[in-house]
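The chain contents come next:
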Amino acid sequence: MATITGIKSGLKTRLDTIDGLTGYSYVPGHFTLPAAVPFLDEIDWDEAMGRGLDALRFTVRLYVATLDHVDENAQTALHGYLAASGSGSVKAAIEGDTTLGGVVDTCRVTLARGDLMLEHANNRYLGAEFEVQVWG
Amino acid sequence: MATFAVTDAKILVAQYDLTGDSNRGLVSGDIEELDSTNFGSGGWRERKAGVGDAAATLEGFNYADGTSGPDDAFWARHGSGDVITVGPTGGDEGENAYTFQSLTGSYEQTANHGELYGWSVSASGRGNLVKGTVLEDASTARTATFNGTGRQLGSVASGEKLYAALHVLSASGTSPTLDVVVQSDDNSGFTSPTSRITFTQATGTTHEWGTPVDGAVADDWYRISVTIGGTSPSFEFFVVVGIA
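Reading the values: the criteria
Residues numbered from 1 in each chain as written. Chains lettered and ligands numbered in written order. Predicted model: local features only at pLDDT ≥ 70, side-chain atom pairs only at ≥ 80, totals over all residues. Heavy atoms only, no water. Helix = DSSP H or I, 4+ residues; strand = E, 2+ residues; numbered from the N terminus. Phe/Tyr/Trp six-rings, centres within 6.5 Å; stacked < 30°, edge-to-face > 60°. Buried < 20%, exposed > 50% of the residue type's maximum accessible area, 1.4 Å probe, protein only. Lys NZ or Arg CZ within 6 Å of the ring centre and 35° of its normal. Arc of directions from axis to C-beta. Contact = heavy atoms within 4.5 Å. Buried area = accessible area lost by both parts, 1.4 Å probe. Salt bridge = Lys/Arg side-chain N within 4 Å of Asp/Glu carboxyl O. Polar contact = N/O pair within 3.5 Å; in protein donor to acceptor, adjacent residues only side chain to side chain. Pairing = 2+ DSSP bridges. Axes fitted to C-alpha atoms, helices over the stretch in contact; angles between N-to-C directions.

A. View of unusual backbone geometry. In this structure, the amide linkage connecting Gly114(A) to the following residue, Asp115(A), adopts the cis form with an omega of -5 degrees. Its location among the elements puts Asp115(A) in strand 4 (residues 106–120). Located in the positive-phi region is Leu100(A), a residue other than glycine, with phi close to 50 degrees. Residue placement: Leu100(A) occurs in the loop between helix 3 (90–94) and strand 4. Non-glycine residue Ser175(B) carries a positive phi angle of around 50 degrees. In this fold, Ser175(B) is placed in strand 11 (residues 161–185).

As structure tokens, then:
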């Protein structure tokens, strides 16, 4: 059965495939922008008999620029991350290996929310949120 | 006695352990109700028991890996005669399990956009449904000859039968052989065991419905006697024995 640490590590690996984006496998106090940080939302245990399958939902929060440094370039980059495909697409990057390095059965990026103002460690950022459904 | 949340049911179909790929198992034993109402029934329906009918509906998450996925199992066995065993509490040794000979008549694949690939099977009985006791639960890879733990299941009365089902879920080694015999005795020490049901020698994964034994059988203790041969043999198998 996949561990939360293993899943977050797998998500970081997928996010790191996007050029210029720093993925994290833990919630950092400070990060290098642009940054993508997975947060665990909920776990549905026992989706199959005999501990055969759990369903987990993560929110990957994408931080592009601090609000006092937002410009057209930052917003254009954000839209690239929000695209369904392309070199900057978070969805395409994560679903490029739906097993997250062999630690889960499969995963799917189900929806995204942006443009958002996100708060982290007393700072405010332009960013987006991606919901990732994981089964393993 | 308390009810429980089902999270750990053992689901076996032929030589496939589908426990971890299943999320629903319905086993039924329906008895036909024959109307015997007559003018002397006092204005109420009367019924008598007719023919019994065993069935199972199983569902879960699907995949095919070429050997042991649900799609591999059911596509290969669609329309075949199988043995289905369901252990509602996990199918550990000593626990109850329901078993019957089945015909896998319906295999449905469900592909709903965005959801996990699913499967659903409806199987009808080719004989009676038996509530039995697990004598071997496939949790241990068996590599050498042994006698299983004895269980006091009761005597087989005249008119009843002793039943047994075998699921061999994995086999490895060079020329491995597995011989399983259900034995009975009148004491827990099995000082003079009698062989009751002898399964066909297994050399790989397989399943078998043992030849039922007519009562009366006075012995009330049962165990499996297992002989394993070959070079570096290893078997995981499941045996359930019942009286009906």
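On we go from here.
B. Representation of the packing of aromatic side chains in the model. Scanning the entire structure with this criterion turns up 9 aromatic pairs over all chains. Measuring from ring centre to ring centre gives 5.6 Å for Phe74(B) and Tyr107(B), while their planes differ by 35 degrees; the resulting arrangement is tilted. Of this pair, Phe74(B) sits in helix 1 (residues 70–77) while Tyr107(B) sits in strand 6 (residues 96–110), and the two are 33 residues apart along the sequence. Owing to a relative accessible area of 0%, Phe74(B) belongs among the buried residues under this scheme. Grouped by ring-pair contacts, the aromatic residues Tyr24(A), Tyr26(A), Phe31(A), Tyr63(A) and Tyr125(A) constitute a single cluster. Of note, Arg142(B) hangs over the ring of Phe146(B), and the distance from its end group to the ring centre comes to 4.1 Å.

C. Spatial organisation of helix 2 (residues 72–82) of chain A. Residue and element names in this part refer to chain A. Where helix 2 is concerned, the buried positions are Ala-74, Leu-78 and Tyr-81. Buried residues in helix 2, looked at end-on, bunch into an arc of 60 degrees, giving them a common side. Away from the buried face of helix 2 by more than 90 degrees, exposed residues Glu-72, Asn-73 and Thr-76 are located. At its buried positions, helix 2 is contacted by strand 3 (53–66), helix 3, strand 4 and strand 5 (123–135).

D. The interface of chain B and chain A, seen in detail. Between chain B and chain A, the contact holds 12 residues from the first and 11 residues from the second. With both chains or domains summed, chain B and chain A bury close to 940 Å², and 66% of this area falls on carbon and sulfur atoms. Area buried by chain B at its contact with chain A is led by Thr7(B), Gly114(B) and Leu116(B), which between them contribute 45% of it. For the pair chain B and chain A, the interface holds 0 salt bridges. Our enumeration of links across chain B and chain A arrives at 2 residue pairs in polar contact (both at pLDDT 80 or more).

E. Region of the structure containing the sheet that holds strand 5 of chain A. All names here are of chain A. With mixed pairing, the 5 strands of this open sheet are ordered in space as 1-2-3-5-4. Each edge of the open sheet is held by one strand with a lone partner, namely strand 1 (22–23) and strand 4. Bridge analysis of strand 3 against strand 5 gives 11 bridges, and the strand direction is antiparallel. Each bridged residue has a counterpart across the sheet, and for Ala-55 the counterpart in strand 5 is Trp-135. Across the sheet, helix 2 lies against strand 3, strand 4 and strand 5, angled at about 5 degrees from strand 5, the strand it touches most.

Any link to function would need more than the numbers given here.
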